[in-house]
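Now for the letters of each chain:
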Amino acid sequence: MAGIYIHIPFCKQACHYCNFYFSTSLGNKEKFVQALLKEIELSKDYLEGEKIETIYFGGGTPSLLSKNEIEAIVEKLAAYHDLSSLKEFTFETNPDDLSKERIKEFEALKPLGLNRFSIGVQSFFDEDLKYMNRAHNAEEALSSIKRVQDAGFDKITIDLIYGTPTMNDENWLKNLQTTFELNIPHISSYALTVEAKTTLDNRIKKGQSLPVNEEQAARQFKILQHEMKKAGYEQYEISNFAKPGKYAVHNSNYWSGKKYLGLGPSAHSYNGAARRWNVANNVSYIQAIGMGTIPFEEEILTAAQIVNEKIMTSIRTQWGLRISDFEFRIEELILGSLKTIDPSHYILEEDVLTLTDEGKLFADAIAATLFI
Ligand code: SF4
């Protein structure tokens, strides 16, 4: 079983914190869709005939595609891949793209397998949305979720951002409360990070935006963990929370090392032995595909990289890292490194290493210590 990720590299408006690849100029959208259809043909053998379990339209903003464009892409996928075992088909959307008319179009895509929405809410407060330069407002965030639910889509995940300087702890609690009242089964929640060279980075340096405070982010992460647990969600991955059994199949497959094919500019693919990533430029992508080549760079993973990736992804999940899965020599190395880590940050039970709630705050540093 494998997954397919499709990167739609267009956005209506640039969020100040974003460092994904996208363009706000939609002039190339039609040419891009034609190139994407061609890339599906060119990459048909990458997954070596594996059945497709998940499809994920991400971006950028996939909801900028028309219904006809989405249909054409899925039909092309069906022509080159076996979709008979498709379990989850997720579409990323922004609240401002979920009008009544648009939802009707999405309902018509159910026969193609579309069964899950990921909605980029980020906050239910206008002040935070303005700080981030999101294209939607708080009212649209609420009404879009209700419309998706009314259309019978029960698999919904929303993104929420904490650590925004405009959001105090009280409003963070209200954001979580609103989520619970809406009965949303899955939440992805990330701290606002200031990546180098983003608009937010520049604005903070120029004093045009409030700076981000790490203590606030750590405190709000703890509030998130506490409230989610109280409301019956499992923190099945550090940034992902689900009602029991409502895990995201596509992302879970990334974390468990299953193969996936990424299509579109900047999309990454993994076939068990190598990773490759497409050029992050719409014009170069369209030109190369037009000449019959997929423009990507590739890295063949070494045995150490494969071990380290397993460490990195597994300790972030509630299922943890089974150390005895590795050969004895590696097991010994990991157990040796573990002795240097604060014992209040992890639990080692029957060979399975998981992080405590406190340890989850230091997941990256812990993984780096365990790397071989
Ligand atoms: S909508 Fe998403 S991809 Fe587009 S700019 Fe905002 S955060 Fe980035």
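Small disclaimer: the values here were computed from a predicted structure and weren't measured.

Visitor: Teacher, can you tell me more about the pattern of salt bridges here?
Guide: Counted according to the given criterion, the structure contains 25 salt bridges. For lysine 174, the salt bridge goes to glutamate 170, with nearest N and O atoms at 3.8 Å. Of this pair, lysine 174 and glutamate 170 both sit in helix 6 (residues 169-181), 4 residues apart, which is roughly one turn of the helix. On the accessibility criterion, lysine 174 (41% relative accessible area) is partly exposed. Salt bridges sharing common partners tie together Lys12, Asp96 and Asp97.

Visitor: Whenever I open this one, the environment of lysine 130 confuses me. Can you help?
Guide: Topologically, lysine 130 is positioned in helix 4 (residues 126-132). The spatial distance from the C-alpha of lysine 130 to the C-alpha of leucine 36 is 33 Å, given a sequence separation of 94 residues.

Visitor: Explanation requested: the packing of aromatic side chains in the structure shown.
Guide: Any aromatic ring pair is given by two values, namely how distant the centres are and how the planes are angled relative to each other. Evaluated as defined, the whole model comprises 17 aromatic pairs. Measuring from centroid to centroid gives 4.7 Å for phenylalanine 117 and phenylalanine 153, while their planes differ by 85°, and the two rings are edge-to-face. Taken together, the positions of phenylalanine 117 in strand 4 (residues 116-122) and phenylalanine 153 in the loop between helix 5 (138-150) and strand 5 (155-162) put the pair 36 residues apart, joining distant regions of the chain. With respect to class, phenylalanine 117 is no different from phenylalanine 153; both count as buried. The interplanar angle of 45° and the centroid separation of 4.8 Å between the aromatic rings of tyrosine 236 and tyrosine 247 together place this pair among those described as tilted. Residue tyrosine 236 is found in strand 7 (residues 234-237), and its partner tyrosine 247 is found in the loop between strand 8 (240-242) and helix 9 (249-255); the two are separated by 11 residues along the sequence. Judged by relative accessible area, tyrosine 236 falls into the buried class, the value being 0%. Here the aromatic residues Phe57, Phe89, Phe91, Phe106, Phe117 and Phe153 are joined through ring pairs into a cluster of three or more. Above the ring of phenylalanine 153, the side-chain terminus of lysine 110 is found at 4.6 Å from the ring centroid.

Visitor: Whenever I open this one, the domain arrangement of the protein chain confuses me. Can you help?
Guide: Reports of interface size often rely on the accessible area that becomes lost once the parts have come together. What the domain assignment reports for the protein chain is domain 1 (2-255) and domain 2 (303-370). The C-alpha centroid of domain 2 is placed 29 Å from the C-alpha centroid of domain 1. Taken together, the 13 residues of domain 1 in the interface contact 11 residues of domain 2. Note on domain 1 versus domain 2: buried area summed over both sides is about 1,100 Å², and carbon and sulfur give 54% of it. Between the two partners, domain 1 and domain 2, sit 3 salt bridges. A salt bridge links lysine 222 to glutamate 358; the nearest nitrogen and oxygen atoms lie 3.4 Å apart. Summed over the shared surface of domain 1 and domain 2, the number is 10 residue pairs in polar contact (both at pLDDT 80 or more). Those elements that provide at least two residues to the side of domain 1 that touches domain 2 are helix 8 (214-230) and strand 7. With 5 residues, the top contributor of residues to the side of domain 1 that touches domain 2 is helix 8. Taken together, the residues of the side of domain 1 that touches domain 2 sort by class into 6 nonpolar, 3 polar and 4 charged.

Visitor: Would you take a moment to explain the site of the ligand for this structure?
Guide: As a matter of local geometry, the ligand sits amid Cys11, Gln13, Cys15, Tyr17, Cys18, Phe22, Gly60, Thr61, Asn94 and Arg134. Looking at side-chain class alone, the shell around the ligand contains 5 nonpolar, 4 polar and 1 charged residues.

Visitor: What's the story with the pairing of strand 6 (residues 186-191) in this structure? I'm lost.
Guide: For strand 5 and strand 6, the ladder comprises 6 bridges, and the chain directions are parallel. Note on strand 6: the bridge partner recorded for isoleucine 158 is isoleucine 187. Once the chain exits strand 5 it traverses helix 6 before rejoining the sheet at strand 6, and the crossover so formed is right-handed. Pairing between strand 6 and strand 8: 3 bridges, direction antiparallel. Looking at strand 8, one finds that isoleucine 187 is bridged to phenylalanine 241.

Visitor: I keep staring at unusual backbone geometry and nothing clicks. Help me out?
Guide: Most of the time, phi is negative for any residue but glycine, and the peptide bond is trans. Residue glycine 60 follows glycine 59 across a cis peptide bond; omega there is 25°. Examined against the element boundaries, glycine 60 turns out to sit in the loop between strand 2 (52-59) and helix 2 (67-80). A positive phi angle, close to 50°, is found at glutamate 48, a residue other than glycine. Considering the arrangement of structural elements, one finds glutamate 48 in the loop between helix 1 (29-42) and strand 2.

Criteria and thresholds
- Residues numbered from 1 in each chain as written.
- Predicted model: local features only at pLDDT ≥ 70, side-chain atom pairs only at ≥ 80, totals over all residues.
- Heavy atoms only, no water.
- Salt bridge = Lys/Arg side-chain N within 4 Å of Asp/Glu carboxyl O.
- Helix = DSSP H or I, 4+ residues; strand = E, 2+ residues; numbered from the N terminus.
- Buried < 20%, exposed > 50% of the residue type's maximum accessible area, 1.4 Å probe, protein only.
- Phe/Tyr/Trp six-rings, centres within 6.5 Å; stacked < 30°, edge-to-face > 60°.
- Lys NZ or Arg CZ within 6 Å of the ring centre and 35° of its normal.
- Domains from an automatic or database assignment.
- Contact = heavy atoms within 4.5 Å.
- Buried area = accessible area lost by both parts, 1.4 Å probe.
- Polar contact = N/O pair within 3.5 Å; in protein donor to acceptor, adjacent residues only side chain to side chain.
- Nonpolar A, V, L, I, M, F, W, Y, C, P; charged D, E, K, R; others polar.
- Near = heavy atom within 4 Å.
- Pairing = 2+ DSSP bridges.
- Right-handed = clockwise from strand over helix to strand, strands pointing away.

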